Amino acid sequence: MKTIIINKSNVPASPLVAAESIYNVSPLFASSKPVGPWLYYKNPSNQVLNLEIELPYSINATDGHSSSYGKGLYTFTSTITIHKLQPTYLWFDHADQSAEIYVENVLVTKHWGGYNAFFVDITDYIKVGTNELMVKLKNNEGNSLAPAAGDFNFNATLGKVKLLTSPVLPSPKYGYDGFHITSTVTDTQAVVTVKTTIPTYADVVLHINDEEFNYVERKFGKGDIIFTVNIDNPHLWNGTIDPHLYDITLEIYYNEELNLQLKRPYGLRYWSYVWEDTTIDGYDAEHPYTGFLLNGSPYLLRGVCSHHDLVNKANALTVEDINNDFDIITELGANFLRLAHYPHPKQVYDYCDKLGIIVQTEAQWVNSSTISMPDAYWEHLGEEIDDLVNQHYNHPCILFWGVGNEINSSVTNTTEGKDFIKGKIEGFRTQIRKLLPGAWVGYTVSHGTNNGIGLFNDPTIDWIGHNIYVGWYIDKTSNDPTYRINERLNNANSRNTAMAYSEYGCGGTSTCHSENYMSTTTTGNNPRHDIEYMMWLHEGHIASIKNFPQLLFTAQWQLFDIAVSSRTEGYKVCLDGETVTDDDSLKYLNNKGLVERDHHTKKDTFYLYKAWWNPTPFVHICQKNYTKTIERIIKCYTNSNDSFSLYVNPTGENDTPIETNVTATNNILLFTATTFTSGDIIKVTNGTIEDTFTFE
């Protein structure tokens, strides 16, 4: 075994790779081949409609944004060509919500559970030549499959499908990488273990390398193969500060020829949560540190929740769509993502690895949980959790594993019900930790739950997330969550359980304005969601959150608006602050996002968070489509401490500002009231950065 020592003082911090290469993620297996083209039979019984499609494809791409989206059984067909009979798998990126897979009209298997990637072994079902492939999707499984309930649509979506064929395919239990990596890490040494299982005789070569480290080892044999590597003075994966990755590659040789190459970028890191630690640099006995540590240093995790949903595509996002999402996340400056309510595609975690964005991922145990749930529900949920961990095992970005969201249903009104849910939580934690020793496992509870741990009779858990909607569902005249955070922190800390602020926010419509932001109708399914109310609510929340380093992470709900067929809220339009009309296209959305469902149009609140999180200087003028003409206050968000000036109709020569020497408080600039006429060009600048718009 060869180990090369890295002198950390000579290793520069890894810059974020250029935007065009961030998303150049290695393919699953070098030998995999996409399956396609595909035909979609909307009515397979008589084949009334036969569409040729590209994957990913969602049945609910358009009808999801409606009061009733399609639910039922849907059929996709394609062909695969086999040149040699040998171990052969199909790899599904995801197939939602359940999928039956047929080869030559013979049922191979049924996969219960959407969102997760999975393998199907078709070795015993194929023949040399052309083979017919059929996938039947179903998105109305009801109580036999999680999620059985949730504040989002259950789309029928088929992700990309790939064909893998090789005499030395690794066991599918190692997920899409083909091997699992574990590591024990300190500042001075990392011990990396790489494990795979090869079904037939092969020799395997391990490569671990970066700019400074190059390690190669070869092993012969079959069955379980384990490599253990020591890296002295490792270059750590340090979040967005320095998301350093080592390339870990397995080359599998068969008959002395390279047959298969498996590759995974991997980050070495360690983390902890401490209570009142006076040994942390910068803290003392009078002001000890309580909070999250990444690689031994305080690291505030501040970010957003995200769903996988896009206008005219539902959850059938392409790699290009995900690229765009991460451009937006990078601009926002978030260093944390809660990938909420279900597992997200592999590419999302890949990009978080590359960018240093820490992740809480989550199983699809949402809302509905009763003792009366059929055994099949719990059996399938357990399988979904296995898939979640085994598929996404190797991502350094995933530090927190969530078993469920807002599972405090009516079952918790009884002692029997509380004990039942406690057993499930602890059982899922044990299941995850058996697969991934030392994993941090938690769950989230709703805004109405003060003591989320006691709710389930104190299950053994590593962290708890609280979804607290101050100013929306509770404390409806306040934008300050301080009291609610404190009472929940006290409960969590008394049990030595780290608390996360896992959801907060409110609805907001960019085309609905009011000088009196309290005219907004709060809570779900109310029609008026003024953007000014949303701005006010988040201004208070983000200013309060800065006072709570002891929160494990915070996650605004949510980055993007999503389609929800049961919601009919936020459809009022009011551009001048007085004239109110209805816009039915705004219905059937959860519009708490910082960005609209097109994943392009940013609400003013997006720029508030950008001002707090992104250090690149900018200024943003808010309410640009607000048409009120008199006593118009100009509000801006900025991350600059400089003095700003307001100009109207500047010409570029000897312009006189309307108002000058205005500085921001909590990243907010306010210029005094004035009157504008249609066509006025309004400009705010500090001489270096500026924003302009034409008032109409």
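Structure: see above.
The rules behind the values
Residue indices follow the written sequence of each chain, beginning from 1 at its first position. With pLDDT at 70 or above as the cut-off, local features in this predicted model cover only qualifying residues; side-chain atom pairs require 80 or more to be listed or tallied, and sums for whole chains, interfaces and linings still use all residues. Calculation of side-chain values draws on the structure's entire complement of heavy atoms; hydrogens and water are dropped beforehand. Interaxial angles span 0 to 180 degrees and are taken between N-to-C directions of axes, which are lines fitted to C-alpha atoms, for helices over the stretch in contact. Each helix is a run of DSSP H or I of at least 4 residues and each strand a run of E of at least 2, with the numbering of both proceeding from the N terminus. Crossing handedness follows the turn of the near helix against the far one: under a right angle anticlockwise gives a left-handed crossing, and clockwise gives a right-handed one. Throughout, a residue-residue contact means that at least one pair of heavy atoms, one from each residue, lies within 4.5 Å. Basically, the charged four are Asp, Glu, Lys and Arg, the nonpolar ten are Ala, Val, Leu, Ile, Met, Phe, Trp, Tyr, Cys and Pro, and anything else, Gly included, counts as polar. For classification, angles of less than 35 degrees are called roughly parallel, those exceeding 145 degrees roughly antiparallel, those between 65 and 115 degrees roughly perpendicular, and all remaining angles oblique. Salt bridge, as used here: a side-chain nitrogen of Lys or Arg that lies within 4 Å of a carboxyl oxygen of Asp or Glu. Between buried and exposed lies partly exposed: a residue is buried under 20% and exposed over 50% of the maximum accessible area for its type, with that area taken using a 1.4 Å probe on protein chains only. Between any two strands, pairing holds if DSSP finds at least two bridges. What a helix should span is 1.5 Å times the count of its residues minus one. The arc in question is the one spanned by the directions pointing from the helix axis to the C-beta atoms. Of the grid points, spaced at 1 Å and generated over the protein atoms alone, those admitting a 1.4 Å probe that cannot get out make up cavities, while open sets with protein on both sides within 12 Å along at least five of seven lines make up pockets; any residue with an atom within 4 Å of a point is treated as lining. Grid points are joined across faces, edges and corners, and a volume is the space filled by probe spheres set on the points. Centres within 6.5 Å are what make two rings of Phe, Tyr or Trp a pair, Trp counting through its six-membered ring; a difference in plane orientation under 30 degrees is then read as stacked, over 60 as edge-to-face, and the rest as tilted.

Here we look at the packing of helix 4 (residues 375-391) against helix 5 (residues 415-435)
Point 1. It is at 10 Å that the axes of helix 4 and helix 5 come closest, and there the two elements cross at 35°. Once helix 4 is placed against helix 5, the crossing between them reads as right-handed. Counting all contacts with helix 4, which are made through Trp 378, Leu 381, Gly 382, Ile 385, Asp 386, Val 389 and Asn 390, the residues of helix 5 involved are Phe 420, Lys 424, Phe 428, Gln 431, Ile 432 and Leu 435.
Point 2. Here the contact of helix 4 with helix 5 is composed, by residue class, of eight nonpolar, three polar and two charged.

Regarding the packing of helix 7 (residues 531-545) against helix 8 (residues 604-613)
Point 1. Two numbers describe how helix 7 lies on helix 8: the axes approach to 9 Å, and their chain directions differ by 20°. Relative to helix 8, helix 7 is oriented roughly parallel. Relative to helix 8, the crossing made by helix 7 is right-handed. On helix 8, the residues touching Ile 531, Met 534, Met 535, His 538, Glu 539, Ile 542 and Ala 543 of helix 7 are Asp 604, Thr 605, Leu 608, Tyr 609, Trp 612 and Trp 613.
Point 2. Broken down by class, the residue content of the contact of helix 7 with helix 8 amounts to nine nonpolar, two polar and two charged.

Focus: the environment of Ile 531
Point 1. Position of Ile 531 among the secondary structure elements: in helix 7.
Point 2. Taking C-alpha positions, Ile 531 is 6.1 Å from His 513, a pair spaced 18 residues apart along the chain.
Point 3. Excluding anything up to four places from it in sequence, Ile 531 contacts Gly 508, Thr 509, Ser 510, Cys 512, His 513, Lys 603 and Asp 604.

Here's the deal with the pattern of salt bridges
Point 1. According to the stated counting rule, one finds 29 salt bridges in the structure shown.
Point 2. A salt bridge links Glu 141 to Lys 110, with the nearest nitrogen and oxygen atoms 3.0 Å apart. A residue pair is termed long-range when its members are at least 10 positions apart, and Glu 141 in the loop between strand 11 (129-138) and strand 12 (157-158) and Lys 110 in strand 9 (residues 106-112) qualify at 31 residues.
Point 3. Overall, Glu 141 belongs to the buried group, its relative accessible area being 14%.

What to know about the sheet that holds strand 4 (residues 57-58)
Point 1. On the basis of which strands lie adjacent, the open sheet formed by three strands has the order 4-12-7 and antiparallel pairing. Edge positions in the sheet fall to strand 4 and strand 7 (95-96), since each of these pairs with one other strand and no more.
Point 2. As defined by bridge partners, strand 7 adjoins strand 12 across two bridges and the pair is classed as antiparallel. Paired with Ala 95 across the strands is Leu 158, a residue of strand 12.

Examining the pairing of strand 19 (residues 246-254)
Point 1. Most of strand 19 is tucked away, with seven of its nine residues classed as buried.
Point 2. Pairing of strand 15 (residues 189-209) with strand 19, which is carried by seven bridges, proceeds in the antiparallel orientation. Note on strand 19: the bridge partner recorded for His 207 is Thr 249.
Point 3. Of the pairings in the sheet, the one linking strand 19 to strand 20 (residues 257-266) comprises nine bridges and is antiparallel in character. Pairing of Tyr 246 across the sheet is with Tyr 266, part of strand 20.

Things to note about helix 5
Point 1. The end-to-end C-alpha distance of helix 5 is 30 Å, a good match for the 30 Å that 21 residues give at a rise of 1.5 Å each.
Point 2. Listing the buried residues of helix 5 in full gives Gly 417, Ile 421, Ile 425, Phe 428, Arg 429, Gln 431 and Ile 432. The buried residues of helix 5 occupy an angular sector of 160° when projected down its axis, which confines them to one face. Along helix 5, exposed side chains directed more than 90 degrees from the buried face belong to Thr 415, Glu 416, Thr 430 and Lys 434.
Point 3. Looking at the buried residues of helix 5, the elements they touch are helix 4, strand 27 (398-405) and strand 28 (440-445).

Thoughts on the sheet that holds strand 22 (residues 289-294)
Point 1. The three strands lie next to each other as 21-22-23, forming an open sheet whose pairing is antiparallel. Looking at the sheet topology across the chains shown, the edges are occupied by strand 21 (271-277) and strand 23 (297-298).
Point 2. With five bridges connecting them, strand 21 and strand 22 associate as antiparallel partners. In the sheet register, Tyr 273 faces strand 22, and the bridge partner there is Phe 292.

With respect to unusual backbone geometry
Point 1. In this structure, the amide linkage connecting Gly 36 to the following residue, Pro 37, adopts the cis form with an omega of 0°.
Point 2. Note on placement: Pro 37 falls in the loop between strand 1 (33-34) and strand 2 (38-41).
Point 3. Going from Ala 146 to Pro 147, the amide bond is cis rather than trans, its omega being 0°.
Point 4. For Pro 147, the position within the fold is in the loop between strand 11 and strand 12.
Point 5. Positive phi outside glycine occurs at Asn 255, with the angle close to 55°.

Looking at the layout of surface pockets
Point 1. In this structure, the largest pocket occupies an estimated 530 Å³ of space.
Point 2. Surrounding the largest pocket, 21 residues form its lining, Gly 333, Asn 335, Trp 612, Trp 613 and Asn 614 being those nearest its centre.
Point 3. Among the secondary structure elements, those contributing two or more residues to the lining of the largest pocket are helix 2 (319-332), helix 7 and helix 8.
Point 4. Here the lining of the largest pocket is built from residues that sort into 12 nonpolar, seven polar and two charged.

Considerations on the packing of aromatic side chains
Point 1. On inspection of all chains with the given rule, the structure shows 35 aromatic pairs.
Point 2. Geometrically, the ring pair formed by Trp 463 and Phe 553 is edge-to-face, given 5.7 Å between the ring centres and 65° between the ring planes. One end of the pair, Trp 463, is in strand 29 (residues 463-467); the other, Phe 553, is in the loop between helix 7 and strand 31 (554-556), with 90 residues separating them in the sequence.
Point 3. A relative accessible area of 0% places Phe 553 in the buried class.

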